[in-house]
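# Examination of the molecular architecture
Here are the chains, one letter per residue:
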Amino acid sequence: MSELPLRAQLASVLGRSAAGLSRATGRGDGSVIGGRVALKVEPDLLAKLARGRRLALVSATNGKTTTTRLIAQALREFGDVATNEFGANMPTGHITALSDNQSAVNGVLEVDEKYLPQVLIATQPAFVVLMNLSRDQMDRASEINLLAKKWRVALGKSNAHVIANADDPLVAWAGLGAPNATWVSAGQRWKEDSWCCPECGGHLKRDVDPYWECPECGLARPETTWAVDNDSDVLLTPEGQRLKLRMNLPGDANRANAAIAAATAAGYGIHPERTLERLREVTSVAGRYTSVVTMGVEVRLLLSKNPAGWLESFAVLDPPRTPVILAVNAQVPDGKDTSWLWDVDYTVLRDRRVFVMGERRTDLALRLETDGVQFEVAERVDEVLGRLKADQPDITKVDLIANYTAFQQIRTAYGRVQ
């Protein structure tokens, strides 16, 4: 990439210094404050830092941090990668990521759904990766149909190559606005936000999964060249290969993330077999799926921020004998509105011992009571483990599902496990 102008160099140095100070004083990883300081000096810094690079932007409601990590893992085949793979997904975080690794030609940036059009214009990426859209933080973000429309308009003005999940009608409609696209059949477990046609508002016909179409205007699922076969744990490539995924991250959602990552890496020229070899090295993403042992019990940490995410977490729970802890906060990063709890079907937990924690545990308790799920209220994980060991001395595993700030609090208590 070309050398930065003097003003941009100064902004970058000051931003890195601010980020370093934040880390040194224990106030965070510095990604946000570093970007803010740099932007004060050079408002156009993101565009200048992106110039001359081959970037991929990754956006979705769920899975974007994991998919960013997977793509970055694949691209390290070529050397250093500029990336924000731990989740600072707004322009301030993008500036920090690019500034921290100015020599990297390749970059992968996770992008908050709301900011994708803005970042797309500023960075002029080679690829835009889109996986899913569903309700999330409705007090902060607009309706997802409006988000999809903004994506579609922005992509229509870009030369970026889109790599998108054809099975999600909103994502597909947005991606169809782009001049070039690669379509992946990555699946869609949560369908409650995509029964209506994003083009005309008609009722979508979804008789045989994953196919969908609108009988009124003719909008239909694009033809795919990549696909996931979850039943056989196989990735199908455009060349007709059937490659075993064998991921070390659990569940169908991560098979989908891996398929999207493989399709993206292929755009950079990496063979899918080599990509999958590298993806299998990933066992945790910013603490997600990590297991920690405390009081002799293995606690597996699962992050779920919205109805679609909770549905995926329920699908990877250990057998019913394994207790589960649910933790919910409603701070600014979570969204203040907890009404989304009523969109989740908790009946799958009826046969488990369930504990509720977090600042909004009473909201969650009421929701569980309505679904006939028995629960116990607790303040801390060690309190839960103490109760379990008193009743079940042989207990060895617990699953813990938490939304964003609750997850980070618990993760911090265990030393911010990676």
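See the structure above.
The present account deals with the structure reproduced in this document. Position labels on residues start from 1 in each chain and follow its written sequence. Thresholds applied to this predicted model are a pLDDT of at least 70 for local features of residues and 80 or more for the giving and counting of side-chain atom pairs; totals over whole chains, interfaces and linings are not thresholded and use all residues. Side-chain figures throughout are based on the complete set of non-hydrogen atoms in the structure, without hydrogens or water.

## Notes on the sheet that holds strand β2 (residues 81-83)
If DSSP finds at least two bridges between two strands, the strands pair. For helices the rule is a DSSP run of H or I covering at least 4 residues; for strands it is a run of E covering at least 2, with both sets numbered from the N terminus onward. With mixed pairing, the nine strands of this open sheet are ordered in space as β2-β3-β1-β4-β5-β6-β7-β8-β9. The open sheet terminates on both sides in strands that have one partner only, identified here as β2 and β9 (242-244). Each neighbouring strand pair of the sheet contributes to a mean axis angle of 20 degrees, computed without reference to strand direction. Across three bridges, strand β7 (residues 226-229) lies against strand β8 (residues 234-236) in antiparallel orientation. Residue pairing across strands places V228 opposite L235, the latter belonging to β8. Residue contacts are defined here by distance: any two heavy atoms, one from each residue, within 4.5 Å place the two residues in contact. Fitted lines through C-alpha atoms give the axes, limited to the stretch in contact for helices. The angle between two N-to-C directions lies from 0 to 180 degrees. Here helix α5 (residues 91-100) sits on the sheet in contact with β1 (54-59), β2 and β3 (106-110), set at roughly 160 degrees to β3. Relative to β9, helix α10 (residues 272-279) is tilted by about 15 degrees, and along the sheet it contacts β7, β8 and β9.

## Looking at the sheet that holds strand β11 (residues 297-303)
Spatially, β10-β11-β15-β12-β13-β14 is the arrangement adopted by the six strands of the open sheet, whose pairing is mixed. In the strand order of this sheet, the two ends are held by β10 (291-294) and β14 (376-377), each with one partner. Sheet strands in contact with helix α12 (residues 361-370) are β12 (324-327), β13 (354-357) and β14, and its direction is about 145 degrees off that of β13.

## Some points on the environment of T61
Within the element layout of this structure, T61 appears in the loop between β1 and α4 (64-75). You can call T61 buried: its relative accessible area is 0%. Once you skip the residues sitting within four places of it in the chain, T61 turns out to touch E113, N132, L133, S134, D136, K305 and N306. Polar contact is the term for a pair of N or O atoms within 3.5 Å; when the atoms are in protein, one must be able to donate a hydrogen and the other to accept it, and sequence-neighboring residues count only if both atoms are side-chain atoms. Separated by 2.9 Å, the side chain of T61 and the backbone nitrogen of S134 make a polar contact. Note on exposure labels: buried denotes an accessible area under 20% of the residue type's maximum, exposed denotes more than 50%, and partly exposed covers the range between, all computed with a 1.4 Å probe on protein chains only.

## Observations regarding the side chain of T68
Summarising the element assignment, T68 is placed in helix α4. With sequence-adjacent residues up to four places away left out, T68 is seen in contact with V58, T83, N84, E85, V108, L109 and E110.

## Details of the side chain of R69
Counting through the fold element by element, R69 comes out in helix α4. Residue classification places R69 among the buried residues on the basis of a relative accessible area of 18%. If we skip the residues at most four places from it in the chain, R69 touches E85, F86, V282, S284 and V285.

## Topic: the packing of aromatic side chains
Note on aromatic pairs: the rings of Phe, Tyr and Trp (six-membered ring only in Trp) are paired at centre separations within 6.5 Å, and the planes decide the class, stacked below 30 degrees, edge-to-face beyond 60, tilted for the rest. A full pass over the atoms with the stated rule returns five aromatic pairs. Plain terms: the ring middles of F127 and Y268 are 5.0 Å apart, the flat faces sit at 40 degrees to each other, and that makes the pair tilted. Here Y268 lies in the loop between α9 (252-267) and α10 and F127 lies in strand β4 (residues 127-130), a separation of 141 residues in the sequence. The exposure class assigned to F127 is buried, which follows from its relative accessible area of 5%. Judged by relative accessible area, Y268 falls into the buried class, the value being 6%.

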